[in-house]
Amino acid sequence: MSLYCGTACRRKIFWCYRLLSTYVTKTRYLCELKEDDDACKKAQQTGAFYLFHNLAPLLQKSEHQYLAPQHSLLELERLLSKFGQDSQILEDSVLIGCSEEQEAWFALDLGLNSSSSINASLQKAEIETALQGSFIKLTKALFELNVKDASLLSTAQALLRWHDAHQFCSRSGQPTKKNVSGSKRVCPSNNIIYYPQVAPVVITLVSDGTRCLLVRQSSFPKGMYSALAGFCDIGESLEETVRREIAEEVGLEVDRLHYSASQHWPFPNSTLMIACHATVKPGQTELQVNLRELEAAAWFSRDEVATVLRRNNPSNQQQSGAVPFWLPPKLAIAHQLIKEWVEKPTCSPLPA
Ligand SMILES: NC(=O)c1ccc[n+]([C@@H]2O[C@H](COP(=O)([O-])OP(=O)(O)OC[C@H]3O[C@@H](n4cnc5c(N)ncnc54)[C@H](O)[C@@H]3O)[C@@H](O)[C@H]2O)c1
Ligand SMILES: [Mg+2]
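Residues numbered from 1 in each chain as written. Chains lettered and ligands numbered in written order. Predicted model: local features only at pLDDT ≥ 70, side-chain atom pairs only at ≥ 80, totals over all residues. Heavy atoms only, no water.

## What to know about helix α4 (residues 124–131)
Count 3.6 residues to each turn of an α-helix, and residues three or four apart come out pointing the same way.
Item 1. Considered for burial, the residues of α4 that qualify are I127, E128 and L131. Relative to the axis of α4, the buried residues are bounded by an arc of 105° and lie together on one face. Across from the buried face of α4, at angles greater than 90 degrees, the exposed residues are A125 and T129.
Item 2. In the core, the buried residues of α4 are packed alongside β1 (48–53), β2 (56–62), α3 (73–82) and β6 (134–135).
Item 3. The positive-phi residue at the C-terminal boundary of α4 is Q132, with phi of around 55°. (Buried < 20%, exposed > 50% of the residue type's maximum accessible area, 1.4 Å probe, protein only. Helix = DSSP H or I, 4+ residues; strand = E, 2+ residues; numbered from the N terminus. Arc of directions from axis to C-beta. Contact = heavy atoms within 4.5 Å.)

Here is the structure:
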């Protein structure tokens, strides 16, 4: 693009700059809060808190969706005092993001017994009544939240779960101490720093050029098929994981691979899903399904998949009786991969 391209273009560049500037400012603010305990404590004074009880978020039902209410520090302190609890439990809160206006967002679990709140867990029903909401499992609520809340609550749950499971140093056995933001835990006896873990998983939609491969595990909801997924082993590149998982689970060799997108996925224990398209070597499409890992695997034509995508609701399909399977919901990256393949089926060669 020319630098001298008229008023409309200059206006566009100005708006791009403004957007980028807001994003950069917000990112740097969050970065500061993660590392600086005093700045983070200060941000809690004006911040907003999302509440959990035993990793289930507090939600309010509104028509066809759930809303995630926010509470100020003052409201939380009043709530704790109402139930005869001191405010020490607030030390367990974790930073999960901030608004464009730099209002910091935190998450706090009132039902877990962590080191700073031993015996301080609050009764679920009493808090639900006081806050006019319900603690609902994320597995049930995720698909009825808006995109922003779904992402925030998934992050919050993953971080709260990690802190709950990493209370002690694996070397000294001593209690570890969380920093104010919750971006790490430190063992005071040997200064080992523990950071929240991320488990990478590759999810691959395999195609033979005209059909795509969909699989199901016995743990999937009835009738649901998805793309093939697998955890990265230590020492592997993503390409190696894709190649190994496809060989292990369906006995095929990958010819071409193409990265699509990634997603944080909260179930069952929080993973980073890295989504790819792959094609198999020509003429090598015979499946040898590993029944220890999969219940079923089969090739589906583009028309079959497009039809199921159009009416992707298990109850619709049961009524019509015409479609024998359904696909993951829109929010899942598997859905995006399958949709992409239906709309634009291409792939580049796999690097050596
Ligand atoms: N978002 C989506 O669209 C989508 C779609 C499909 C699967 N998934 C997710 O992908 C994940 C992995 O899929 P999979 O079950 O086929 O993986 P997989 O094929 O690697 O099989 C799971 C097995 O891997 C082993 N494993 C290795 N590292 C592990 C770790 N860090 N945590 C847990 N188990 C580990 C365990 O033995 C486990 O039983 C699942 O958690 C599932 O929820 C997400
Ligand atoms: Mg798998």
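Moving on from the model shown.
## Side note on the domain arrangement of the protein chain
Item 1. Split by domain assignment, the protein chain resolves into domain 1 (22–113 + 123–194) and domain 2 (199–311 + 324–343).
Item 2. Its C-alpha centre places domain 1 at a distance of 33 Å from the equivalent point of domain 2.
Item 3. If you look at the interface, domain 1 gives 10 residues, while domain 2 gives nine residues.
Item 4. Summed over both partners, the interface of domain 1 with domain 2 comes to about 750 Å²; 78% of that surface belongs to carbon and sulfur atoms.
Item 5. On the domain 1 side of the interface with domain 2, the three residues burying the most area are L142, F143 and R161, jointly 52% of the side's total.
Item 6. Run the count over domain 1 and domain 2 and you get zero salt bridges.
Item 7. Our enumeration of links across domain 1 and domain 2 arrives at one residue pair in polar contact (both at pLDDT 80 or more).
Item 8. For the side of domain 1 that touches domain 2, the leading source of residues is helix α6 (residues 147–165), giving six residues. (Domains from an automatic or database assignment. Buried area = accessible area lost by both parts, 1.4 Å probe. Salt bridge = Lys/Arg side-chain N within 4 Å of Asp/Glu carboxyl O. Polar contact = N/O pair within 3.5 Å; in protein donor to acceptor, adjacent residues only side chain to side chain.)

## Here we look at the environment of I203
Item 1. Counting through the fold element by element, I203 comes out in strand β10 (residues 200–207).
Item 2. Once you skip the residues sitting within four places of it in the chain, I203 turns out to touch S226, A227, L228, A229, M273, I274, A275, C276, I333, A334 and L337.

## Things to note about the site of ligand 1
Item 1. Looking at ligand 1, there are 18 residues lining it, with Q217, A229, F231, E249 and A334 nearest.
Item 2. In this structure, an oxygen atom belonging to ligand 1 sits 3.4 Å away from a main-chain N or O atom of I333.
Item 3. Protein chains bury 62% of the 850 Å² of accessible surface belonging to ligand 1 in isolation.
Item 4. For the shell around ligand 1, the secondary structure elements donating two or more residues are β10, β12 (228–231), α7 (238–250), β13 (254–265) and α10 (333–343).
Item 5. Residues of the shell around ligand 1, tallied by class, amount to 11 nonpolar, four polar and three charged. (Near = heavy atom within 4 Å. Areas by Shrake-Rupley, 256 points an atom, 1.4 Å probe, with all protein chains shown as cover. Nonpolar A, V, L, I, M, F, W, Y, C, P; charged D, E, K, R; others polar.)

## Overview of the coordination of the magnesium ion (ligand 2)
Item 1. Of the protein atoms, only A229 (O) and E249 (OE) coordinate the magnesium ion (ligand 2), at distances of 2.2 to 2.3 Å. With a gap of 20 residues between them, A229 in strand β12 and E249 in helix α7 connect regions that are remote in the sequence.
Item 2. What makes E249 buried here is its relative accessible area of 3%. (Donors = N, O, S within 2.8 Å, 3.2 Å for Na, K, Ca; no water.)

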